[in-house]
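If you want the building blocks of each chain, they are given just below.
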Amino acid sequence: MSRSEEPVILATFGDLLKHGYRLNGTCRDCRVNRDVDLANCPAERTYVGQRFKCRDCGSSVMISLSQIVTCRDGPLEALDKWRSR
Ligand SMILES: [Zn+2]
């Protein structure tokens, strides 16, 4: 029953959501820090090479990837909802 041996492939916005990652962006110019709203990104589109622009000044945004789930035993309910799709 364990699916933990499956390789995790992170290629699209949908993959990030499914595996519990978030994209966080920091503007190079005004230093505004925001999470990218993955739920509003096209799930089938690859995020690699995507360019993000600051909503305030239009400058380029540095993206960092991090994992939402910090406790292996307690996945977020919202993520469970996604996985069951
Ligand atoms: Zn900015």
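Definitions and limits used
- Residues numbered from 1 in each chain as written.
- Predicted model: local features only at pLDDT ≥ 70, side-chain atom pairs only at ≥ 80, totals over all residues.
- Helix = DSSP H or I, 4+ residues; strand = E, 2+ residues; numbered from the N terminus.
- Buried ≥ 20, exposed ≤ 12 C-beta atoms within 10 Å, placed from the backbone.
- Contact = placed C-beta atoms within 7 Å.
- Core = buried A, V, L, I, M, F, W, Y, C linked by C-beta atoms within 7 Å.
- Pairing = 2+ DSSP bridges.
- Axes fitted to C-alpha atoms, helices over the stretch in contact; angles between N-to-C directions.

## With respect to the overall build of the protein
Check the secondary structure of the protein and you find two helices and three strands. Listed N to C, the secondary structure of the protein is α-β-β-β-α in terms of helices and strands. Counting all 85 residues of the protein, 9% fall into the buried class. A sequence separation of at least 24 residues applies to 64% of the contacts in the protein between residues at least 6 apart.

## Regarding the nonpolar core
Judged by nonpolar contacts, Phe-13, Leu-16, Leu-17, Leu-23 and Tyr-47 together constitute the single largest core of five residues. The leading source of residues in this core is helix α1 (residues 13-18), at three residues.

## A word on the sheet that holds strand β3 (residues 61-67)
Taken together, three strands build an open sheet; the order of strands is β2-β1-β3 and the sheet is antiparallel. Only two strands of the sheet have a single neighbouring strand rather than two, namely β2 (33-35) and β3. When the angles between neighbouring strand axes are averaged without regard to direction, this sheet yields 25°. Relative to β2, strand β1 (residues 21-27) runs antiparallel, the two being bridged by three bridges. Paired with Asn-24 across the strands is Asp-35, a residue of β2.

## Quick notes on the environment of Ala-11
With respect to the secondary-structure elements, Ala-11 resides in the segment before α1. Its 12 C-beta neighbours within 10 Å are what place Ala-11 among the exposed residues. Sequence separation between Ala-11 and Val-48 is 37 residues, and the spatial gap between their C-alpha atoms is 6.8 Å. The residues touching Ala-11, leaving out its near neighbours within four places in the chain, are Thr-46 and Val-48.

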